[in-house]
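So you can see what is in the structure, the chains are spelled out below.
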Amino acid sequence: MDNAPLYLRIAADLEAEIASGVLKAEEKIDSERALSERLGVSRMTARQALRHLIGKGLVETRTGQGTFVSSRQIEQRLETLSGFTEEITRQGRQASSIIVSSITRRADEQTARALSLPATGMVHCLTRVRFVDGMPVALETTEIIASRAPHLLERADFRTTSLYTTLTDEYGIVPTLAEQTLMAGLADANIARTLHTDPGAPVLDLTRLTRDQDGSPFEFVRSTYRGDFFVMKVDLSLGARTQA
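Here we summarise the structure given alongside this text. (Residues numbered from 1 in each chain as written. Predicted model: local features only at pLDDT ≥ 70, side-chain atom pairs only at ≥ 80, totals over all residues. Heavy atoms only, no water.)

## Thoughts on the sheet that holds strand β1 (residues 28–29)
What holds strands together in a sheet is hydrogen bonding between their backbones, with the strands either parallel or antiparallel.
Right, on to step 1. One open sheet holds the three strands; their spatial order is β1-β3-β2, and the pairing between them is antiparallel. A strand with exactly one partner marks an edge of an open sheet, and here the two such strands are β1 and β2 (59–62).
Right, on to step 2. Across two bridges, the pairing between β1 and strand β3 (residues 66–69) is antiparallel. Bridge pairing in β3 links I29 to T67. (Pairing = 2+ DSSP bridges. Helix = DSSP H or I, 4+ residues; strand = E, 2+ residues; numbered from the N terminus.)

## Remarks on the packing of aromatic side chains
Right, on to step 1. Applying the stated rule across the entire model yields zero aromatic pairs.
Right, on to step 2. When the ring centre of F68 is taken as origin, the NZ or CZ atom of R62, which lies over that ring, is 4.3 Å away. (Phe/Tyr/Trp six-rings, centres within 6.5 Å; stacked < 30°, edge-to-face > 60°. Lys NZ or Arg CZ within 6 Å of the ring centre and 35° of its normal.)

## Notes on the pairing of β3
Right, on to step 1. Two strands pair when backbone bridges link them, and β2 and β3 are joined in this way by four bridges, in the antiparallel orientation. Opposite V59, over in β3, you have V69 as the bridge partner.
Right, on to step 2. Following β2, the chain reverses through three residues before pairing antiparallel with β3; G64 in that reversal takes a positive phi of roughly 75 degrees.

## Examining the side chain of T224
Right, on to step 1. Tracing the sequence through the fold places T224 in strand β10 (residues 217–226).
Right, on to step 2. Looking at T224, the relative accessible area reads 13%, which means it is buried.
Right, on to step 3. Setting aside chain neighbours within four positions, we find T224 in contact with V137, A138, L139, I191, L195, V203, L204 and D205. (Buried < 20%, exposed > 50% of the residue type's maximum accessible area, 1.4 Å probe, protein only. Contact = heavy atoms within 4.5 Å.)

This is the structure in structure tokens:
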């Protein structure tokens, strides 16, 4: 980055401030004129830096108001089963991951119980930090019954490849039904460090048991999401004989 054009270095510094929370969602940031004066650069350079951030969807201009950090909230529809990659892509945003751990091991007690496995049951365990537009938003551990998908962890690069797509295309396992639980929580030191937030910041803890087209459980997921990034939405209807 040291040899990059000046506007890209300025954009990178601003992007780091957005990712770390120094610049918060919906916060107004310096105009190109103010930015050029503060940094001692030309207005053209400041304009290029802001345009670069606009192109990445990190900031937006509002007529007559100025430039603001874009809203980071991600809408999660609760009535539809979809993978993280598919859901983020559907919203026109970029999903990526860092793999923390990728191993086949004996299921722990909670996982074995959820997946109806014997005490010696084996699972593929994939732990990833999930990113949206370059910002870490979730820590997710996914466990798949190993006998259902032999050599799964070697089949694809799950930093960018959808796990559900691989399961469907390679093994004929179609995620069809899921039982999902959400609980409010607070970030501990490890979660705060991983997701670039503060200890004690609100998080959403999720567990999900996923079944295939035959109704058989094959996946158990445990995730922690940053509470300031996600909005959970569901459509409700009033039953014909229900009174408020």
